[in-house]
Amino acid sequence: MDQDKNLLDKLKRIEQEANQMDAQAANESAATADAAPQTDAAPITETPVTPEIPAEAPAPAVEPEQIPATLEESREEKSVAPVEAQETAEPEPTIAEEVTEEPTEAAVSMSTPDRPHSDRIPDCAKPDVHEEKNVGEGMTKKEAMKIRMQSMNKQEIAYLRRKMIFEKCWPVFRFLILFGLGFVILTPLMFMLSYAFRDSKDMNDPTVMWIPRNFTLTVMKQTIDAMGLTNGFFDNNPLVNTLFLNIGCSICQVITCALTGYGFARFKFKGRNLLFGIVVLMIVVPTQIISIPLYMTFKNFMFGAINLIDSMWAMYLPAMTANGIRAGLMIFIFRQFFRGLPKELEDAAYLDGCGPFKTFLKVMVPNAGSSFLTVFLFSIVWYWNDYYVSSAFFTNTKTIALVLKNLDTTLNLAIFNNANAQVSVREKIVWLEAGCLISITPMLILYACLQKHFTEGIERSGLVG
Amino acid sequence: MWCSMSKKQGKGIRMPYERRKAMYGYGFISIWLIGTILWFLIPLFESLCYCFMDNQTLKPDVGGMKKEWLGFANWEWLDNFRYAFAADPSYKQSLVEVLKDTALTTPMILIFSLFIAVILNQEFKGRGFARAIFFLPVIIATGPVYNIINGDMGTTGVDSGAQFTTLFETDIVDELLAFLGVMNISEGLSEIINTVTTDIFGLVWSSGIQILIFLAALQNIPVSAKEAASMEGATAWEYFWKITLPYVSPMILANFIYTVIDSFTKTDNAVMERVLTKQLEWDYAYAAAMAWSYFAIVMIVVGIVTLIVNKFIFYEVE
């Protein structure tokens, strides 16, 4: 069926071509005296032939410039032109005769008649290429392009033009978009920098916008004092608390989540899907739902024997059992990652007599280094920024995020001497921005140093695929 | 081969290999399992129970919560839900508000982050720097810092802040709509467009992770697909619709779910605020009922959308 259809198509096409050839022949006979019209006609005959060449042989790496170059030459040496045109015109009837033949054979036969020195297509194409190279070398790129355009039909030219315009304009647009949006992102940070180092009265000065008129460090100092960052090391210093909580919990959580993720990725056991469903549930259920029962659990830990509220254990215990902040997401990431590692690695380790745990430690962990780092970094960021969970469990213990959250009241107390002072935000904004700046600086530094691991680690950590 | 061998060897003496491996699997997840039961499943169950308890007696006491179940007669056990939906003045209102808000912003975030990811995936000078800037919100936007920044941008700045918000506000949209006469046809449409255009700040700042995920998905598009498209002479437009979108589609779903969950669980959305204030007022039963009904609605919405979207997703494997 398909063959028949193909044949029909071919016949149709050949008929059309034959008609074209007839017209061509008429043209030719009329133009033997004058070669000029011949060159104009040449492109028409050229177009149907060129597609055949790549199909037949890869050898004529006919760099597109070369084909039009044929024309170029034919234009220059006008006496040759008619012969050239005839060459290209003649083969067509041969195809018409040999309809049943394979197209390749047809192409071969088409090259035979006028070229005794070559019986294969690549050879017949090659000489032209070599001759034309000399012509093509002298041209600039623009000229070459122009000539190339002549051999194209309207659609191709339109396509190229559109593509060119797009390629020229796009970088400009891209720059504008990225610049504009980057500006939106960076504005608050620039505000912070600009506000944190100015005197409060600058805020009421309409002429001050970005660059402070009264540059001072007192605001920073006051904020640092108010946040309690100058407290002694063991004196409930938020920075120390946060670091202690942050790094410890992150390490615990990464280790336990990696173990769990590996268990889900590589072992088949009953109820695995159900248990993994619980992991997904952990991602989906907001902490707010479980925070009160959890509070009660910690308050009456060990059947009321121990009160864990306001102690670090309330954060450490969940982290140690892979249930800390966003633990579900981390287990998910690890599972995806371990599933992506080749199984042969483990099989080799098993053959060498490693137990599963040793395999995990000696084979999988070294391979998962970058993934570990990524998850660890994200964990640090999440713990650093968390204030909901810590505000639920801590009453006196302060962390940076908690302090920042309550900075409003703290400031009222520290600077305006009244916890309930009705100070407009505009007056306080200098201190608030200073507080923001202080609390994000460590994360910014971390981000600047390990930016690659943040941004490129995600794909390696296997969140995708 | 090795598997079958060890199976044969171990059959008489030790546990079969499969069973042994399953046991190791349990071993690996046991730590998590204990933690989950203690810190997740039990509290979850307990808060579910709170929904059906008497709000007046449900108070923390020495050694645990004082509890009293609501009676089963007369649908009394639904009292807390009845309170949430019928008596509470602001719950229903804020619920609708949050749902509307999320329905509006989620598609915007998805489209925007895909767009940015496609741009950031191209080769150009300073790409690393641009990426670093666009992922910056991932670091900052999760904490209380975002609230302060956002508050500043919205309310305080009479001088500089206001200038920037007006910069992004663009009344042009309004004027354009008025010019087209659309304004008369639908007030709602212009309202939607307005919220979208005014909140570019929120949009950019809340789509960091989404950009990251999309970018990773884009980098996983096989080179062969790219080459084939360029051989066929696909324009960038065609390439986006025929190659990029199908390959990225699984991640669109993932991003959708992430975005929805993220915006629903934000502590600063209206419903969450209501739940938290109720908790602070010691109305635990009401708070639990509100939180659970909210959660159920969210899950139903996500489930339905997932089912619909799943049909249009192109999975390379399978």
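Quick caveat: nothing in here was measured; it's all calculated off a predicted structure. Counting restarts for each chain, with residues numbered from 1 along the sequence as it is written. Chains carry letters from A onward and ligands carry numbers from 1 onward, assigned in written order. Residue-level local features of this predicted model are given only where pLDDT is at least 70; pairs of side-chain atoms are given and counted only at 80 or more, and the full residue set underlies all totals for whole chains, interfaces and linings.

Description of the overall build of chain A
Moving on, step 1. Secondary structure is summarised from DSSP: a helix means a run of H or I of at least four residues, a strand means a run of E of at least two, and numbering begins at the N terminus for each. A tally of regular secondary structure across chain A gives 25 helices and 0 strands.
Moving on, step 2. Around each residue's C-beta, the other C-beta atoms within 10 Å are counted; 20 or more make the residue buried, 12 or fewer make it exposed, and counts in between make it partly exposed. All C-beta atoms are placed from the backbone. Expressed as a percentage of its 465 residues, the buried residues of chain A come to 36%.
Moving on, step 3. By the convention adopted here, residues make contact when the C-beta atoms placed from their backbones lie within 7 Å. Restricting to contacts in chain A with at least 6 residues of sequence separation, those with at least 24 account for 71%.

Looking at the overall build of chain B
Moving on, step 1. Tallying secondary structure elements over chain B gives 16 helices and 2 strands in all.
Moving on, step 2. The burial tally for chain B puts 31% of its 318 residues in the buried class.
Moving on, step 3. Taking as baseline every contact in chain B between residues at least 6 positions apart, the subset at least 24 positions apart corresponds to 69%.

Let's talk about the environment of Phe 337 of chain A
Moving on, step 1. Mapped onto the secondary structure, Phe 337 of chain A falls in helix 17 (residues 327-340).
Moving on, step 2. Once the C-alpha coordinates of Phe 337 of chain A and Tyr 262 of chain A are considered, the two residues, 75 residues apart in sequence, prove to be 8.8 Å apart.

Quick word on the interface of chain B and chain A
Moving on, step 1. Of the residues lining the interface, 73 residues belong to chain B; the matching set on chain A comes to 77 residues.
Moving on, step 2. Broken down by element, the residue count for the side of chain B that touches chain A peaks at 18 residues, all from helix 2 (residues 17-50) of chain B.
Moving on, step 3. The nonpolar class holds Ala, Val, Leu, Ile, Met, Phe, Trp, Tyr, Cys and Pro. Asp, Glu, Lys and Arg form the charged class, and all remaining residues, Gly among them, are polar. Here the side of chain B that touches chain A is built from residues that sort into 50 nonpolar, 18 polar and 5 charged.

Remarks on helix 2 of chain B
Moving on, step 1. What we call the bend at a residue is the angle made by axes fitted to the seven residues finishing there and the seven residues starting there. Bending of helix 2 of chain B peaks at approximately 50° at the position of Ile 29 of chain B.
Moving on, step 2. For helix 2 of chain B, every residue scored as buried is listed here: Gly 25, Phe 28, Ile 29, Trp 32, Gly 35, Thr 36, Trp 39, Phe 40, Pro 43, Leu 44, Ser 47 and Tyr 50 of chain B.
Moving on, step 3. Among the structural elements, helix 12 (238-266), helix 13 (272-284), helix 14 (287-299), helix 16 (313-320) and helix 17 of chain A together with helix 16 (284-310) of chain B are those in contact with the buried residues of helix 2 of chain B.

Observations regarding the domain arrangement of chain B
All names here are of chain B.
Moving on, step 1. An automatic or database domain assignment is the source of the domain bounds shown. For chain B, the assigned domains are domain 1 (2-80) and domain 2 (85-310).
Moving on, step 2. Of the residues lining the interface, 10 residues belong to domain 1; the matching set on domain 2 comes to 8 residues.
Moving on, step 3. Broken down by element, the side of domain 1 that touches domain 2 gets its largest block of residues, 3 residues, from helix 2.
Moving on, step 4. Split by residue class, the side of domain 1 that touches domain 2 holds 5 nonpolar, 3 polar and 2 charged.

Re the packing of helix 12 of chain A against helix 16 of chain A
All names here are of chain A.
Moving on, step 1. The axes are straight lines fitted to the C-alpha atoms, using for helices just the contacting stretch, and the angles between their N-to-C directions are given from 0 to 180°. Across the interface, helix 12 lies against helix 16 with an axial gap of 8 Å and an inter-helix angle of 20°. Considering the angle they form, helix 12 stands roughly parallel to helix 16. Classified by chirality, the crossing of helix 16 by helix 12 is right-handed. Contacts from Leu 245, Gly 248, Cys 249, Cys 252, Gln 253 and Thr 256 in helix 12 reach Met 315, Tyr 316, Ala 319 and Met 320 in helix 16. For classification purposes, angles smaller than 35 degrees are called roughly parallel, those larger than 145 roughly antiparallel, those between 65 and 115 roughly perpendicular, and all remaining angles oblique. In a left-handed crossing the near helix is turned counterclockwise from the far helix by less than a right angle, and in a right-handed crossing that turn is clockwise.

Examining the nonpolar core
Moving on, step 1. What we call a nonpolar core is a set of buried Ala, Val, Leu, Ile, Met, Phe, Trp, Tyr and Cys residues whose membership is set by joining through C-beta atoms within 7 Å. Ranked by internal contacts, the top residues of the largest apolar core, which has 147 residues, are Tyr 262, Ile 331 and Phe 334 of chain A together with Phe 214, Ala 285, Ala 288 and Met 290 of chain B.
Moving on, step 2. Residues in contact with Phe 334 of chain A, not counting those within four places in the same chain, are Cys 257, Ala 258, Gly 261, Tyr 262 and Val 375 of chain A.

Quick notes on the confidence of the model for chain A
Moving on, step 1. Each residue carries a pLDDT value, the predictor's own confidence for that position, ranging from 0 to 100. Across chain A, pLDDT averages 72, with 66% of residues at or above 70.
Moving on, step 2. Every residue in residues 29-133 of chain A is under pLDDT 50, and counting partners more than four places away or in other chains gives 113 contacts.

A closer look at the environment of Ala 226 of chain A
Residues and elements named next belong to chain A.
Moving on, step 1. Along the chain, Ala 226 falls in helix 11 (residues 218-227).
Moving on, step 2. Exposure remark for Ala 226: the 20 C-beta atoms within 10 Å place this residue in the buried category.
Moving on, step 3. Distance from Ala 226 to Asn 412, taken between C-alpha atoms, is 9.6 Å for residues 186 residues apart in sequence.
Moving on, step 4. Residues contacting Ala 226, with those up to four places away along its chain left out, are Thr 410, Leu 411, Ala 414 and Ile 415.

Remarks on helix 5 (residues 127-140) of chain B
Given 3.6 residues per helical turn, the α-helix brings residues three or four places apart onto the same face.
All names here are of chain B.
Moving on, step 1. For a helix, the expected span equals 1.5 Å multiplied by the residue count minus one. Here helix 5 spans 21 Å end to end across 14 residues, near enough to the 20 Å set by a 1.5 Å rise per residue.
Moving on, step 2. Considering bend angle alone, the principal kink of helix 5 is centred on Phe 134 and spans about 30°; proline Pro 137 follows within four residues of it.
Moving on, step 3. Buried within helix 5 are the following residues: Ala 130, Arg 131, Phe 134, Phe 135, Leu 136, Val 138, Ile 139 and Ile 140.

With respect to the confidence of the model for chain B
Atomic detail in the predicted coordinates should be set aside for any region of low pLDDT.
Residues and elements named next belong to chain B.
Moving on, step 1. Averaged over chain B, the pLDDT score is 78; the fraction of residues at 70 or greater is 78%.
Moving on, step 2. Mean pLDDT per element in chain B: helix 7 (residues 160-169) is the minimum at 43, and helix 2 is the maximum at 90.
Moving on, step 3. Throughout residues 1-12 the model reports pLDDT below 50, and contacts reaching past four residues in sequence, or to other chains, amount to 9 contacts.
Moving on, step 4. In the model, residues 153-170 has pLDDT below 50 throughout and makes 22 contacts with residues more than four positions away in sequence or in other chains.

Description of the packing of helix 15 (residues 270-280) of chain B against helix 16 of chain B
Residue and element names in this part refer to chain B.
Moving on, step 1. Close contact between helix 15 and helix 16 brings their axes to 8 Å; oriented N to C, the two are set at 160°. Between helix 15 and helix 16, the angle is such that the two are roughly antiparallel. Crossing of helix 15 over helix 16 shows left-handed handedness. Each of Val 271, Arg 274, Val 275, Lys 278 and Gln 279 in helix 15 lies in contact with helix 16, whose residues at this interface are Tyr 284, Tyr 286, Ala 287, Met 290, Ala 291 and Tyr 294.
Moving on, step 2. Here the contact of helix 15 with helix 16 is built from residues that sort into 8 nonpolar, 1 polar and 2 charged.

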